[in-house]
Amino acid sequence: LLLEKSLLPVLERYGKVSVGGSYSYKLLNHPDLDIDVENNEASKDLFAELCSALIGLDFTSKFKSADRVNFPHAHSDKRPFGYWISPEINFGDRVWKMDIWLQKPEWNTGDTNRYCEELLHINDDMRINILSLKEELIEMNLYGVGKEFLSVDVYEGVLRGNTRTIDELRDFLNTNVT
């Protein structure tokens, strides 16, 4: 409801919207949405306009953004190229964190949805394993941007290495660095 009624109408004014990440894989275990907004005219000015529109929403409680076009991320191999927008939005009794990337089509690698086909067809055991690992990592404050593990690490570990514990995940990632 938050996405369909409140966020999409705003985002669609700024480009082609695709929702990815845990939400699209049906692996959402905390209120977090990953969204790409693709626009041929993506620029610093359009970035500023979109930021203003999102800040202006009544339910936006916190806001971060970064120009990753002119100032690339230190870990650019794991993060998209473009303009990053991260409002926190109050909806019901939860605060939803957004990772929105405003990008030109040639910047968009599709990484937001790179595991979609595989993760939509996993069995219940793998689904529970992914959700359990993510939950444990969140509780230990090891999960998220700037932390030891990202969702892509968990997906890689479970899909490619059948990891079931944090130690197995850490070992798998240390021996399978791309």
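Our next topic: unusual backbone geometry. In this model, Asn-141 sits at a positive phi of 60 degrees, which is unusual for a non-glycine residue. Backbone geometry places Asn-162, a non-glycine residue, at a positive phi of 50 degrees. Mapping Asn-162 onto the fold places it in the loop between helix 6 (151–161) and helix 7 (166–175).

We now examine the pattern of salt bridges. Side-chain pairs of opposite charge can arise whenever the charged atoms involved come near each other. Counted according to the given criterion, the structure contains six salt bridges. Here Glu-156 ties to Arg-160 by a salt bridge, and the two come within 3.7 Å at their closest N and O atoms. With a gap of four residues between them, Glu-156 and Arg-160 both fall in helix 6, about one helical turn apart. Notably, a salt bridge pairs Arg-170 with Asp-167, separated by 3.4 Å at the nearest N-O pair. Placement of the pair is Arg-170 and Asp-167 together in helix 7, with a separation of three residues, close to one helical turn. One continuous salt-bridge network, built from bridges that share partners, spans Glu-118, Glu-156 and Arg-160.

This part is about the packing of aromatic side chains. Between two aromatic rings, the relevant description is the distance of the centres plus the angle of the planes. Inspection of the entire model under this criterion finds four aromatic pairs. Judged by centre distance (5.4 Å) and plane angle (80 degrees), the ring pair of Tyr-25 and Tyr-155 falls under edge-to-face. With a gap of 130 residues between them, Tyr-25 in helix 2 (residues 21–25) and Tyr-155 in helix 6 connect regions that are remote in the sequence. Tyr-155 matches Tyr-25 in its accessibility class, with the two residues each being buried. Three or more aromatic residues joined by ring pairs make a cluster, and in this case those are Phe-47, Phe-81, Tyr-83 and Trp-107.

On to a positive patch on the surface, then. Side chains of Lys-62, Lys-64, Lys-97 and Lys-147 sit close together on the surface and give a patch of like positive charge. Structurally, the position occupied by Lys-62 is in strand 3 (residues 60–67).

Our next topic: the packing of helix 6 against helix 7. Two quantities define a packed helix pair, namely the angle between the helix axes and the distance between the axes. Where helix 6 meets helix 7, the closest approach of the two axes is 10 Å, and the angle between their N-to-C directions is 85 degrees. With respect to their mutual orientation, helix 6 and helix 7 come out roughly perpendicular. Of helix 7, the residues touching helix 6 (which contributes Asp-153, Val-154, Glu-156, Gly-157, Arg-160 and Gly-161) are Leu-169, Phe-172 and Leu-173. In terms of residue class, the contact of helix 6 with helix 7 is built from four nonpolar, two polar and three charged.

Conventions used here
- Residues numbered from 1 in each chain as written.
- Predicted model: local features only at pLDDT ≥ 70, side-chain atom pairs only at ≥ 80, totals over all residues.
- Heavy atoms only, no water.
- Helix = DSSP H or I, 4+ residues; strand = E, 2+ residues; numbered from the N terminus.
- Salt bridge = Lys/Arg side-chain N within 4 Å of Asp/Glu carboxyl O.
- Phe/Tyr/Trp six-rings, centres within 6.5 Å; stacked < 30°, edge-to-face > 60°.
- Buried < 20%, exposed > 50% of the residue type's maximum accessible area, 1.4 Å probe, protein only.
- Patch = residues over 30% accessible without salt bridge, like charges linked within 9 Å, V, L, I, M, F, W, Y side chains within 5 Å.
- Areas by Shrake-Rupley, 256 points an atom, 1.4 Å probe, with all protein chains shown as cover.
- Lys, Arg positive; Asp, Glu negative; His and termini not counted.
- Charge placed at Lys NZ, Arg CZ, Asp CG, Glu CD.
- Axes fitted to C-alpha atoms, helices over the stretch in contact; angles between N-to-C directions.
- Parallel < 35°, antiparallel > 145°, perpendicular 65-115°, else oblique.
- Contact = heavy atoms within 4.5 Å.
- Nonpolar A, V, L, I, M, F, W, Y, C, P; charged D, E, K, R; others polar.

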